Amino acid sequence: MDMDELFGDGANLSRPPSKELHSRVDELRRGGCCQAIAWSNWGCIATIAADKAALELRNLRCHPENGTWGLSEPSTTPPFTQTMDGGPLKHLCWSPTGSDLAVIDSAGRITIVSLFSSLNKPAIHRTSQFDPADDLCGVVGCYWLNLAPYHISRPAFLNGPAVKEGSSYRYDAAQCPVLGPFHPTHGKSAFVCVTTNGLLRVLYPQTTTGKYQEVHTELESVVSSDDLITHAAICPDKSNTLLIAFATTSKQLRTVRALIDWGQQKTNEKGPSAPQPLNPSIKTRHVAVTSWLFDSPGESLNVSSLDSSMVQLSHLEFLPPCADASGRISPATIVAVRSHMPVSMSHYNQDVHTVVDRWEIREKPQTLHPAFEHLSSRRNSVGGSQPGPTVYLKKLECFTVNKIALAMQPINLGKVIFFAYSDSSVEYRDRASMAEIWTDPDLDRVWHLSQIGFSYTEDEPCLQVALSPSYCSLVQIRNDGKVKWKELEYHLGDIGSSMDDAQYSAVIAALALSCSTSVMRNVTYDDLLATAHKYAKPNFAYDWLVELSRILKAPVDYSEEQHFDVLIRNTTIQLCLCIQNSLGFRGEFNPRTFPGKFAWLVLQLRNIVVLVTMAANLSVPGGPNPNDKTSPLEDPEVINALAGSVRWILDLMAWLTDTLLTFPTTLPPNMDLKRIDGFTLPDLLSHLRATNTISLHLLLSSPTRGFLTAICRRLSHLDYIARRAMSYSSGPQNGKDPSTPQPANSISPDLRNAYLQIATLTTNTILRIKTIETLLGSLTALIKEAYKSCNPPLSGQIAERARNTLEIKMLFGGQFPDAFKMVIVELFKREGLLENVRDDIEPAKLFFADFTLLEVDEDAVSVARRKNAGLTMDCFRKAWLENPKKKLQHADSKDAEKDGANGGNANGRQVARWRRCARCAAVMEDMLSERRALQWLIMQQRRCFCSGYWDTLNPGQTVA
């Protein structure tokens with residue numbers, strides 16, 4: 001009989017800890033660095049496989065069938081070693097770049113694996129085969145150096161709290177300096193670790209080769225087993241040095257300051273200079289010592305007066321200095337965790353608890369006795385000099401929790417400490433006081449979803465925990481060894497449906513704060529999208545993005561912009577469109593929402609603009625000499641790859657025109673767009689949303705109109721190059737010696753044929769590029785006049801903020817400005833702008849046009865036809881990929897990997913290997929090319945057009 005059924009729910013009997021938890025706590029006590037799960041800033045979740053010789057890689061991904069979020073299936077790496085000389089794998093630690101992972105075995109041998117373009121496709125960057133297989137070299141503490149800010153004085157930012165003012169929120173922000181030391185190369189980090197025998201090791205990528213090298217020094221002279229280090233922790237300090245705390249078997253807690261000198265000479269050259277090779281050295285200085293068990297290191301150990309489990313550490317952490325809410329600097333703080341467990345399962349008292357001790361690194365000035373001042377003056381030496389301050393460890397008040405702590409992590413610039421416990425519960429504590437916070441909902445001062453009623457379901461006990469980079473979800477290793485992702489959930493009913501509802505507006509504010517801080521920290525926010533997807537209402541994406549744009553001060557007004565380089569580089573627009581696209585996705589063969597469909601098309605349009613621009617303007621290595629450069633537009637494979645994008649754009653222009661020309665026929669009888677008094681803007685927006693018609697927003701929103709104008713100009717340039725290539729003679733044909741000198745105006749037959757595709761597409765297009773470019777130019781002029789005619793006028797730099805507010809609403813699928821009513825009339829009236837476009841096209845061509853390539857037709861017949869075709873769009877080449885056969889999808893994964901290595905399946909047929917975006921479920925073929933220009937262009941697709949990361953699928957698979 002179940003105990004809860006026997007005594008009732010009110011008994012609240014605590015169950016004894018499981019044997020798995022006993023084993024986990026014993027592992028934590030034996031030494032530091034034994035974390036088998038870690039979540040990277042890119043979103044990759046690495047876990048040590050059951051055999052302790054390989055890794056399993058997972059990530060959050062959006063399922064292409066229905067748009068729901070979940071963990072991907074694990075991708076298992078090959079074993080790092082066949083002999084396991086260093087014992088089983090023990091610890092994982094991601095770098096702040098999000099792409100480098102330190103994998104440490106029991107003997108302290110370190111392998112560093114790196115991600116490049118895929119979350120589940122790592123490559124070994126540093127092998128551990130040259131590290132000694134010695135238990136005394138086991139790693140007990142480690143740390144990756146912070147990334148250097150691109151501007152040395154640029155601080156780290158934290159957005160929050162959101163303070164309620166009337167019916168809206170005011171968003172405050174805080175900042176703090178990024179603490180060094182840093183790797184001299186921007187975007188690079190170095191791995192620092194402490195070993196059992198007292199070595200401080202620094203593994204760093206060399207600036208000239210990129211290969212990892214090592215420098216080390218001795219922290220502590222180990223002469224007996226009492227000097228062995230069991231746990232260590234490292235943190236940066238204000239003086240660009242490292243503070244290191246380590247605990248010994250004799251219960252001592254020692255602190256050391258380390259300085260890394262990279263050995264680079266200072267140059268007086270202005271601007272970028274050639275990278276200098278690194279020749280680092282480490283200098284250390286002992287700072288202070290105490291006992292982590294007693295108030296002073298000289299006290300004797302009386303085992304009989306203490307439980308044996310309380311004289312063993314389970315965690316040691318070092319919190320770097322930070323500023324509290326009042327601006328007061330909290331010094332670096334050492335945190336030691338001891339967990340009490342019953343000695344045996346038969347012990348009468350089965351209670352568990354955790355004791356957390358803290359010590360602050362404090363300084364106090366030293367003063368000289370007056371006699372030394374007299375001695376100094378009598379010897380004619382410089383008087384008045386005082387010795388430097390002494391450093392000591394100030395013991396703070398400890399606290400006890402009636403649970404077993406499994407993990408702790410500072411968040412919010414170190415001001416809040418996150419604790420995770422074995423019963424699946426979590427706590428947030430103030431850094432200075434360690435008082436528990438975010439326990440009572442406060443909708444007037446919002447920091448985090450956990451503070452406004454969201455919580456993790458406490459369903460099953462766990463053994464290990466890793467917090468997401470956005471701090472809004474976590475992953476656990478359960479008692480059965482399985483990995484479980486847990487997201488924050490609202491258990492108190494419905495959140496509401498509009499910004500007038502207090503809970504709804506607080507949720508929007510919390511999501512906006514977490515998302516903006518994640519963006520500023522350059523970490524993934526996919527778990528926020530997953531949470532928002534569950535609670536999304538019709539205007540949820542719009543409300544979220546309006547608040548997010550307020551926090552980020554997003555510039556989206558390009559109504560007076562002539563050059564589009566700034567627009568293309570505006571990643572904030574890409575961020576907002578990505579959120580729109582994600583929340584509007586319901587599955588590959590289900591209609592997207594109005595804002596989702598709009599964002600999906602604009603993101604693809606933007607990506608093509610970027611690709612064509614880079615192909616036209618940049619040079620890549622090529623030719624017989626290493627210093628030779630060539631344009632990607634001189635490579636036929638690049639032109640063939642771009643041909644699909646050209647056709648996609650031409651189809652988009654034709655579909656856009658067709659939708660606008662037929663739109664008046666879909667209007668209700670009481671609505672007439674040809675007269676200024678024939679419609680109201682709210683009614684028009686309601687009809688656009690009801691019919692999922694996004695064409696008008698595409699034309700009237702200045703960023704999207706800018707993308708359309710930019711691609712028209714680039715296609716005109718590409719068309720000019722193609723026609724010019726047609727006028728050239730062909731190069732060497734089959735049977736001719738290619739080394740024979742060719743005329744200066746000749747090109748290769750392959751390049752000529754590639755440009756022939758482009759010329760054919762632009763010649764046979766339904767709508768000439770010049771026609772749509774004229775329409776866009778006329779609209780831009782009308783919109784400028786409309787802004788100018790407002791009262792007060794909204795033209796020029798003075799009214800930029802007001803225009804930006806209006807453009808934000810349009811970009812996110814909201815209301816048109818009142819001044820745009822005349823623009824809409826000019827567009828649809830007789831002899832208006834659209835009539836001029838109609839005169840320039842053949843109606844039959846437009847009527848019978850096939851827009852399948854765009855995947856915008858949402859009627860049941862079109863969707864069924866697309867589904868039955870068994871094809872998936874390659875978002876890079878804009879060409880159809882054949883779906884794998886069903887029987888191959890369910891094949892054994894090892895067989896699939898073997899087939900992939902052979903380049904085909906068992907029947908010898910070539911099988912395309914896919915990449916699928918974890919965020920938007922887009923697909924591109926995972927291909928490698930020996931042609932430098934094409935490979936360079938593929939490298940620009942390291943991330944999806946929505947800025948999400950890729951999952952590389954095994955041959956035959958369609959879902960990660």
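Procedures and definitions
Numbering of residues starts from 1 in each chain and follows the order in which that chain's sequence is written. Local features are withheld for residues below a pLDDT of 70 in this predicted model, meaning they are given only at 70 or higher, and side-chain atom pairs are given and counted only at 80 or more; totals for whole chains, interfaces and linings count all residues. The side-chain quantities take in all heavy atoms of the structure and omit both hydrogens and water. Secondary structure elements follow DSSP: runs of H or I of four or more residues count as helices, runs of E of two or more count as strands, with numbering from the N terminus. When a residue's accessible area, from a 1.4 Å probe over protein chains only, is under 20% of the maximum for its type it is buried; when over 50% it is exposed; and in between it is partly exposed. Contact between two residues is taken to exist if any of their heavy atoms lie within 4.5 Å; hydrogens are not considered. Reported accessibility uses the Shrake-Rupley method at a 1.4 Å probe radius. Residues are deemed covered only where the shown protein chains occlude them. Buried Ala, Val, Leu, Ile, Met, Phe, Trp, Tyr and Cys residues that are joined via side-chain atoms within 4.5 Å together make up what is termed a nonpolar core. Ring pairs are drawn from Phe, Tyr and Trp, using the six-membered ring of Trp, whenever the two centres fall within 6.5 Å, and their geometry is named by plane angle: stacked under 30 degrees, edge-to-face over 60, tilted for the rest. Any Lys NZ or Arg CZ found within 6 Å of a ring centre and within 35 degrees of that ring's normal is scored as a charge over the ring. Here a polar contact is taken to be a pair of N or O atoms separated by no more than 3.5 Å, where protein atoms must pair a possible hydrogen donor with a possible acceptor and residues adjacent in sequence count only if both atoms sit in side chains. A fitted line through C-alpha atoms serves as each axis, taken over the contacting stretch for helices, and the angle formed by two N-to-C directions is quoted from 0 to 180°. Should an angle lie under 35 degrees it is considered roughly parallel, over 145 roughly antiparallel, and from 65 to 115 roughly perpendicular; all remaining angles are considered oblique. Only Asp, Glu, Lys and Arg are considered charged, only Ala, Val, Leu, Ile, Met, Phe, Trp, Tyr, Cys and Pro nonpolar, and every remaining residue, Gly among them, polar. What makes two strands pair is DSSP finding at least two bridges between them. Think of a salt bridge as a Lys or Arg side-chain nitrogen and an Asp or Glu carboxyl oxygen that are within 4 Å of each other. In predicted models, pLDDT denotes the confidence assigned by the predictor to each residue on a 0 to 100 scale. A helix's residues, less one, multiplied by 1.5 Å, set its expected span. The quantity called bend is, for any residue, the angle between two axes fitted respectively to the seven residues ending at it and the seven beginning at it.

Undergrad: How do you make sense of the overall build of the protein when you look at a structure like this?
TA: A count of helices and strands for the protein gives 23 helices and 44 strands. Residues counted as buried form 54% of the 960 residues belonging to the protein. Long-range contacts, defined here as pairs at least 24 residues apart, represent 65% of the contacts in the protein between residues at least 6 apart. Carbon and sulfur atoms make up 50% of the accessible area of the protein, which amounts to about 43,800 Å² in all.

Undergrad: Looking at this structure, how should I read the nonpolar core?
TA: Generally speaking, a soluble globular protein has its nonpolar side chains buried in company with each other. In terms of nonpolar packing, the biggest core is built from 209 residues, with Trp544 and Leu684 touching the most fellow members. Here this core gets 16 residues from one element, more than from any other, and that element is helix H10 (residues 636-662). Residues Leu200, Val202, Ala232 and Ala258 belong to the second largest nonpolar core, which totals 23 residues.

Undergrad: Honestly, the packing of aromatic side chains in this entry has me stumped. Any pointers?
TA: Geometry of an aromatic ring pair is reported as the spacing of the ring centres plus the angle between the planes. Taken as a whole, this structure holds 14 aromatic pairs when the rule is applied. With 5.3 Å between their ring centres and 40° between their planes, Phe454 and Tyr490 make a pair best called tilted. Of the two residues, Phe454 sits in strand E31 (residues 454-455) while Tyr490 sits in strand E35 (residues 489-490), which places them 36 residues apart along the sequence. The exposure class assigned to Phe454 is buried, which follows from its relative accessible area of 3%. Ring-pair connections join several aromatic residues into one group, and the members of that group are Phe399, Phe419 and Tyr421. Arg592 extends its terminal NZ or CZ atom over the ring of Trp600, reaching a point 4.2 Å from the ring centre. Directly above the ring of Phe679 sits Lys821, whose terminal nitrogen or CZ lies 5.2 Å from the centroid.

Undergrad: Explain unusual backbone geometry to me, please; I cannot follow it from the model alone.
TA: The general pattern is negative phi for most residues beyond glycine and trans for most peptide bonds. Residues Gly160 and Pro161 are joined by a peptide bond in cis, for which omega reads 0°. Checked against the element boundaries, Pro161 lands in strand E11 (residues 156-165). Non-glycine residue Lys251 carries a positive phi angle of around 70°. Classification of Lys251 as buried rests on a relative accessible area of 18%. At Asn412, a residue that is not glycine, the phi angle is positive and equals roughly 55°.

Undergrad: What am I meant to see in the side chain of Ser291 here?
TA: Structurally, the position occupied by Ser291 is in strand E19 (residues 281-291). A polar contact of 3.1 Å, which involves the side chain of Ser291, links it to the backbone oxygen of Lys251. A polar side-chain atom of Ser291 sits 3.1 Å from the main-chain amide nitrogen of Leu293.

Undergrad: Whenever I open this one, the side chain of Asp635 confuses me. Can you help?
TA: For Asp635, the location among the structural elements is in the loop between strand E37 (629-630) and H10. Separated by 2.8 Å, the side chain of Asp635 and the backbone nitrogen of Glu637 make a polar contact. Dropping the residues within four chain positions of it, Asp635 is found in contact with Leu751, Arg931, Ala933 and Leu934.

Undergrad: Honestly, the packing of H10 against helix H14 (residues 749-763) in this entry has me stumped. Any pointers?
TA: A pair of packed helices is captured by two measures, namely the crossing angle of their axes and the spacing between those axes. Direction vectors running N to C along H10 and H14 enclose 5°, while the axes themselves pass 9 Å from each other. Comparing the axis directions of H10 and H14 gives the class roughly parallel. Residues Pro636, Ile639, Asn640, Ala643, Val646, Arg647 and Leu650 of H10 lie in contact with H14, whose contacting residues are Asp750, Leu751, Ala754, Tyr755, Gln757, Ile758, Leu761 and Thr762. Here the contact of H10 with H14 is composed, by residue class, of ten nonpolar, three polar and two charged.

Undergrad: Please clarify how the sheet that holds strand E25 (residues 390-401) should be interpreted in this entry.
TA: Picture the strands of a sheet paired through backbone hydrogen bonds; they go either parallel or antiparallel. Pairing is antiparallel across the open sheet formed by four strands, whose spatial order is E20-E23-E24-E25. Of all strands in the sheet, those bounded by a partner on one side alone are strand E20 (315-319) and E25. In this sheet, neighbouring strand axes are inclined to one another by 20° on average, regardless of whether the strands run parallel or antiparallel. Pairing between strand E23 (residues 333-340) and strand E24 (residues 353-364): eight bridges, direction antiparallel. What sits directly across from Thr333, in E24, is Glu360.

Undergrad: Would you mind showing me how to read the pattern of salt bridges here?
TA: Per the counting criterion, the structure on display carries 40 salt bridges. Between Asp459 and Arg478 there is a salt bridge, with the nearest N and O atoms lying 3.3 Å from each other. Linking Asp459 in the loop between E31 and strand E32 (462-467) with Arg478 in strand E33 (residues 473-478), this pair joins segments that are 19 residues apart in sequence. Judged by its relative accessible area of 5%, Arg478 is buried. The residue Asp926 makes a salt bridge to Arg915 at a minimum N-O spacing of 2.9 Å. Here Asp926 is found in the loop between strand E43 (923-925) and helix H23 (932-939), whereas its partner Arg915 is found in strand E42 (residues 914-917), with eleven residues between them in sequence. No difference in accessibility class separates Asp926 from Arg915, as the two residues are buried. Each member of the salt-bridge network shares a partner with another, and the members are Asp459, Glu460, Arg478, Lys484 and Lys486.

Undergrad: Could you clarify how one ought to interpret the pairing of strand E28 (residues 426-430) in this entry?
TA: Successive side chains on a regular strand alternate, one facing one side of the sheet and the next facing the other. Relative to E28, strand E27 (residues 416-421) runs antiparallel, the two being bridged by five bridges. Looking at E28, one finds that Ala420 is bridged to Val426. Relative to strand E29 (residues 436-437), E28 runs antiparallel, the two being bridged by two bridges. Within E29, the position partnered with Arg429 by the bridge is Glu436.

Undergrad: How do you make sense of the confidence of the model for the protein when you look at a structure like this?
TA: Reading predicted coordinates in detail is not appropriate for stretches of low pLDDT. Mean pLDDT over the protein works out to 88, with 88% of the residues at or above the 70 mark. Scored below 50 in pLDDT, residues 1-13 makes seven contacts in the model with residues more than four places away or belonging to other chains. In this model, residues 887-909 is a region of pLDDT below 50 whose contacts with residues beyond four sequence positions or in other chains number 24 contacts.

Undergrad: I'm lost on helix H6 (residues 540-552) in this one. Help?
TA: Count 3.6 residues to each turn of an α-helix, and residues three or four apart come out pointing the same way. Over its 13 residues, H6 extends 18 Å from the first C-alpha to the last, a length consistent with the 18 Å expected when each residue adds 1.5 Å. Counted residue by residue, H6 has ten buried out of 13 residues, so it is predominantly covered. Those residues of H6 not exposed but buried are Phe540, Ala541, Asp543, Trp544, Leu545, Glu547, Leu548, Ser549, Ile551 and Leu552. Those residues of H6 hidden inside the fold are in contact with E11, strand E12 (168-176), helix H4 (502-521), helix H5 (526-535), helix H8 (571-583) and helix H16 (800-811). Positive backbone phi, approximately 50°, marks Lys553, located one or two places after H6.

Undergrad: Got a minute to help me understand the sheet that holds strand E34 (residues 483-487) in this structure?
TA: Ordered in space as E32-E33-E34, the three strands form an open sheet in which the pairing is antiparallel. The open sheet has two edge strands with one neighbour each: E32 and E34. The sheet shows a mean angle of 25° between the axes of neighbouring strands, direction not considered. Relative to E34, E33 is paired through five bridges, and the arrangement is antiparallel. Considered in E34, the bridge of Ile477 is made with Val483.

Undergrad: What's the story with H10 in this structure? I'm lost.
TA: The end-to-end C-alpha distance of H10 is 39 Å, a good match for the 39 Å that 27 residues give at a rise of 1.5 Å each. Of all the bends in H10, the greatest measures close to 30° and is centred on Leu642. Taken across its 27 residues, H10 has 22 buried, putting it largely inside the fold. Sitting at the amino-terminal end of H10 is Asp635, which places a side-chain oxygen 2.8 Å from the backbone nitrogen of Glu637.

Undergrad: Teacher, can you tell me more about the environment of Ala541 here?
TA: As for its position among the elements, Ala541 is in helix H6. When the C-alpha atoms of Ala541 and Gly596 are compared, they prove to be 9.0 Å apart, with 55 residues separating the residues in sequence.

Undergrad: What's the story with the environment of Lys484 in this structure? I'm lost.
TA: Within the fold, Lys484 resides in strand E34. Classification of Lys484 by relative accessible area gives partly exposed; the value is 34%. Considering only alpha carbons, one finds Lys484 and Gly70, 414 residues apart in sequence, at a separation of 9.7 Å. Setting aside residues no more than four positions away along its own chain, Lys484 makes contact with Asp459, Leu474, Val475, Gln476 and Arg478.

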